[in-house]
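The residues making up each chain are set out below.
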Amino acid sequence: MTLETDVLVIGSGAAGLTFALEASRNLRVLLVTKNEIRESNTRYAQGGIAAVLHLQDDYRQHIADTLTAGAGICDEEAVKVLVQEAPARIRDLIRWGVEFDRDPEKGLRFAREGGHSRSRILHVGDLTGKAIEEAMVQRVLKSPAIEIHEREMLVDLVVRDGHCYGALLLGPEGILKPVFSRATFLATGGAGQLFSRTTNPDIATGDGVAVCHRAGAELQGLEFFQFHPTAFARHGAPAFLISEALRGEGARLLDPRGIPFMENYHSMGDLAPRDIVSRAIYDVMFRHEADHVFLDISHRSRAELERRFPFIHQSCAAHGIEIDREPIPVSPAAHYTCGGVKTDIDGRTSISGLYASGEVAQTGVHGGNRLASNSLLESVVFAYRAAVHTDRLIHFLFKGREKGFRQLLDRGIPWNREEGVPPDAQEIGDLRQRLRDLMWRHAGVIRTDQGLHEGIGKLAPLEARVQRLLQSCSWSISLLELRNLIILGGLVLEAALAQPHSVGCHFSQDRPPLVKPPPGPV
Ligand code: FAD
Ligand code: SIN
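Residues numbered from 1 in each chain as written. Chains lettered and ligands numbered in written order. Predicted model: local features only at pLDDT ≥ 70, side-chain atom pairs only at ≥ 80, totals over all residues. Heavy atoms only, no water.

A.B. asks: Tell me about the overall build of the protein chain, residues and numbers included.
C.D. replies: What the protein chain contains, in helices and strands, is 15 helices and 18 strands. Rg of the C-alpha trace for the protein chain: 22 Å, near the compact-globule value of 24 Å for 522 residues, within the 12% margin. A total of 522 residues make up the protein chain; the buried ones form 61% of that total. The long-range fraction of contacts in the protein chain, counting pairs at least 24 apart against all pairs at least 6 apart in sequence, stands at 74%. Total accessible area computed for the protein chain in this model is approximately 20,300 Å², and 50% of it derives from carbon and sulfur atoms. Taken together, the 59 basic and 65 acidic charged side chains of the protein chain have centroids lying 2 Å from each other. (Helix = DSSP H or I, 4+ residues; strand = E, 2+ residues; numbered from the N terminus. Rg over C-alpha atoms; globule rule 2.2 N^0.38 Å. Buried < 20%, exposed > 50% of the residue type's maximum accessible area, 1.4 Å probe, protein only. Contact = heavy atoms within 4.5 Å. Areas by Shrake-Rupley, 256 points an atom, 1.4 Å probe, with all protein chains shown as cover. Lys, Arg positive; Asp, Glu negative; His and termini not counted. Charge placed at Lys NZ, Arg CZ, Asp CG, Glu CD.)

A.B. asks: Could you give an account of empty space enclosed by the protein, with specific residues and numbers?
C.D. replies: Tallied over the entire structure, the rule returns 2 cavities of 30 Å³ or more. One number sums up the size of the largest cavity: a volume of about 40 Å³. Among the elements that take part in the lining of the largest cavity, helix α8 (residues 274-288) stands out by supplying 3 residues, more than any other. A per-class count over the lining of the largest cavity returns 3 nonpolar, 1 polar and 2 charged. Of the voids in this model, the second largest cavity is the one considered here, and its volume is about 30 Å³. Every residue lining the second largest cavity is listed: Thr 18, Arg 89, Asp 92, Leu 93, Trp 96 and Val 380. (1 Å grid on protein atoms, 1.4 Å probe; cavity = no way out; pocket = protein on both sides within 12 Å on 5 of 7 lines; lining within 4 Å. Points joined across faces, edges and corners; volume = space filled by probe spheres on them. Nonpolar A, V, L, I, M, F, W, Y, C, P; charged D, E, K, R; others polar.)

A.B. asks: Account for the site of ligand 2, with residues named and values stated.
C.D. replies: By nearness alone, every residue bordering ligand 2 is listed as Gln 46, Gly 47, Glu 113, His 228, Leu 241, Ser 243, Glu 244, Arg 274, His 335, Arg 370, Ala 372 and Ser 373. Interatomic distance of 2.9 Å between a backbone N/O atom of Gly 47 and an oxygen atom of ligand 2. With respect to ligand 2, the backbone of Ser 373 contributes an N or O atom lying 2.6 Å from an oxygen atom. Residue classes in the shell around ligand 2 are distributed as 2 nonpolar, 6 polar and 4 charged. (Near = heavy atom within 4 Å. Polar contact = N/O pair within 3.5 Å; in protein donor to acceptor, adjacent residues only side chain to side chain.)

A.B. asks: Tell me about the side chain of His 442, residues and numbers included.
C.D. replies: Tracing the backbone shows His 442 in helix α13 (residues 425-442). For His 442, a relative accessible area of 4% puts it in the buried group. Engagement of the side chain of His 442 in a polar contact is seen with the backbone oxygen of Gly 451, the distance being 3.0 Å. At a separation of 2.8 Å, a polar atom in the side chain of His 442 contacts the side chain of Lys 458. Those residues in contact with His 442 that lie beyond four places of it in its chain are Arg 447, Gly 451, Leu 452, Glu 454, Gly 455, Lys 458 and Leu 493.

A.B. asks: With reference to specific residues and values, describe the site of ligand 1.
C.D. replies: Around ligand 1 sit 38 residues in total, of which Thr 42, Gly 48, Asp 207, Glu 359 and Ser 375 are the nearest. The contact in question runs from an oxygen atom of ligand 1 to an N or O atom on the backbone of Asn 41, over 2.9 Å. Listed by contribution, the elements that provide at least two residues to the shell around ligand 1 are α1 (14-23), β8 (153-160), β15 (328-337) and α11 (375-398). In terms of residue count, the dominant contributor to the shell around ligand 1 is α11 (3 residues). For the shell around ligand 1, the per-class residue count stands at 12 nonpolar, 20 polar and 6 charged.

A.B. asks: Describe the pairing of strand β14 (residues 293-296), and please don't skip the residues or the numbers.
C.D. replies: The alternating pattern of β14 places Val 293 and Leu 295 on a buried face, while none of Phe 294 and Asp 296, on the opposite face, is buried. Where strand β13 (residues 252-254) lies against β14, 3 bridges are found, and the strand directions are antiparallel. Note on β14: the bridge partner recorded for Arg 252 is Asp 296. (Pairing = 2+ DSSP bridges.)

A.B. asks: Please set out the packing of aromatic side chains residue by residue, giving values where relevant.
C.D. replies: Across all of its chains, the model carries 8 aromatic pairs by this definition. Judged by centre distance (6.2 Å) and plane angle (45°), the rings of Phe 225 and Phe 227 are tilted. Judged by centre distance (4.6 Å) and plane angle (10°), the ring pair of Phe 232 and Phe 240 falls under stacked. Phe 240 carries the same exposure label as Phe 232, and that label is buried. Three or more aromatic residues joined by ring pairs make a cluster, and in this case those are Phe 195, Phe 225, Phe 227 and Trp 440. When the ring centre of Phe 180 is taken as origin, the NZ or CZ atom of Arg 182, which lies over that ring, is 5.6 Å away. If you follow Arg 370 out to its NZ or CZ, it ends over the ring of Tyr 336, 4.1 Å from the centre. (Phe/Tyr/Trp six-rings, centres within 6.5 Å; stacked < 30°, edge-to-face > 60°. Lys NZ or Arg CZ within 6 Å of the ring centre and 35° of its normal.)

A.B. asks: Would you mind going over the packing of α13 against helix α15 (residues 477-498) in detail, with residue names and values included?
C.D. replies: At a closest axis distance of 10 Å, the pairing of α13 and α15 adopts a crossing angle of 20°. Between α13 and α15, the angle is such that the two are roughly parallel. Crossing hand, α13 versus α15: left-handed. Here Ile 428, Leu 431, Arg 432, Leu 435, Leu 438, Met 439 and His 442 of α13 lie close against α15, whose contacting residues are Ser 478, Leu 479, Glu 481, Leu 482, Leu 485, Ile 486, Gly 489, Val 492 and Leu 493. Residue composition of the contact of α13 with α15, by class: 11 nonpolar, 3 polar and 2 charged. (Axes fitted to C-alpha atoms, helices over the stretch in contact; angles between N-to-C directions. Parallel < 35°, antiparallel > 145°, perpendicular 65-115°, else oblique. Left-handed = near helix turned anticlockwise from the far one by under 90°.)

A.B. asks: Lay out the state of the cysteines with the relevant residues and their values.
C.D. replies: Inspection of the entire model under this criterion finds 0 disulfides. Cys 505 supplies the cysteine sulfur nearest to Cys 338, a cysteine that is in no disulfide, at a spacing of 4.0 Å. With a relative accessible area of 2%, Cys 338 lands in the buried category. (Disulfide = S-S within 2.5 Å.)

A.B. asks: Account for helix α4 (residues 86-95), naming residues and giving values.
C.D. replies: Buried within α4 are the following residues: Ala 86, Pro 87, Arg 89, Ile 90, Asp 92 and Leu 93. Those residues of α4 hidden inside the fold are in contact with β3 (49-50), α2 (59-69), α3 (76-84), β6 (121-122), α5 (128-142) and α11. Phi turns positive, to about 110°, at Gly 97, one or two residues after α4.

A.B. asks: Residue-level account of the pattern of salt bridges, with values.
C.D. replies: Applying the stated criterion across every chain yields a total of 37 salt bridges. The salt bridge involving Asp 92 is made with Arg 95; its shortest N-O contact spans 2.8 Å. Of this pair, Asp 92 and Arg 95 both sit in helix α4, 3 residues apart, which is roughly one turn of that helix. Note on Asp 92: relative accessible area 11%, which makes it buried. Judged by its relative accessible area of 53%, Arg 95 is exposed. Arg 252 serves as the salt-bridge partner of Glu 263, at 2.8 Å between the closest nitrogen and oxygen. Of this pair, Glu 263 sits in the loop between β13 and α8 while Arg 252 sits in strand β13, and the two are 11 residues apart along the sequence. Taken together, the shared-partner salt bridges in this structure form one network comprising Glu 4, Asp 6, Arg 28 and Arg 182. (Salt bridge = Lys/Arg side-chain N within 4 Å of Asp/Glu carboxyl O.)

In structure tokens form, the structure reads like this:
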């Protein structure tokens, strides 16, 4: 069975939903997502979304903070677009029903996070992503122009002569089906699942980047994987995020003796950019032979914390930590994929007819390291722009290609794998865990040339085993995710080796810094 649509949207996080809503004004949209529609990194976002909306803030300051966090290698034009178009996109979110926290007298409440020189983060407690996702999903569900396919996975793109004609999907029944689309929008998010310690949910397997690699699209900046400094750190518990917004509200990082340490590492102290805080925590853990440090917000009352950080308060309590009374054990975890599929400021990739935005894309706004709360913003700003561009140019882009695509489909495309025994779930799980351990060890917060080379060596047998499974078994979402993760693992290791400098969140003991390092022993 062949499906047809004007635009095929892959992914239902902030980027996919924004694109679908905007494009569906004039075009038919098929929205495909590999889990249920609400599952995404977006849903777990805590701290908020950055925008210049306070009278005492200004665009130049947000631009400067973004460039500084990006370690001097951001694309300045893209950063300007991000910051200047933020207020319009926030107004859309409010119009769609997102109720950002407000002060009864002063209006919107602005929080502060690492690397920001002003309080400019809009939030809904510590459940900002859930509120944004829900408002957009409600709107998408009501749109007659958007058809939704849940539990369907993008397997590969159909690319011929540099143009994308659609994609091959794996349906819930295990059947492969092609979709014919005049334009295709990738919003598959990030790849935190590459690492054994991550804040990301299971769906974050870097599919879009791996698919684009197979299709020959240009990729960029994959060595820049951001490690969030403060994920929950207790043996046997998940590494859920402890938002940077806690530090914005005065929480302090403490060493194992209970002594604050960030002032020794950076002039912004606990609110320094993330890469710097993560490495400082590593340094402290190393010196104290500890596997975590502490984050202390116990100066705030229980009532305040329950109101401002309901998720964190409750999740810590579920693991025996009462955050109004004791410090939270934390350590870094893989959090955000700064690199990805290279796009311009209208979301265009190097393949015509293929657009990408959000965490899967590399627009250049994050450079070497993303500024806190700029990611939800990037997703909505650039997905909106991509939808406007698609709407304007779709017929021009597709002119003369319809016949060619039909011939392509009639002739058949050699990609099939529906026969064979289902792969062994236990084996896939074990291989995935081996990969994640390998990446954490060899491509984590602190890298070395030797470690990266060793990582590449250890990847080879995993790759060979997956190739055999792909040939002998029927395909499943977990098997295809594993293939994508392994491809991406290799790309990250290669990109890290090819980067001549330590810059932003890529830090190698064997490479000199690109920019002057901050004062102190980092
Ligand atoms: P996602 O929201 O991850 O959506 C990707 C979608 O694609 C999902 O629906 C997924 O199921 C689908 N998908 C993936 N692969 C396939 C495939 N092969 N086929 C079909 N569907 C597929 N950023 C901020 O700016 N502020 C914050 O406060 C913040 N807090 C965060 C807290 C946590 C715990 C995490 C994990 C991230 C946080 N981030 C934050 C980052 C931010 O949430 C993400 O970068 C952003 O939401 C990405 O949006 P997206 O639409 O690009 O991808
Ligand atoms: C956080 O709340 O600390 C996460 C914010 C982000 O990833 O931008």
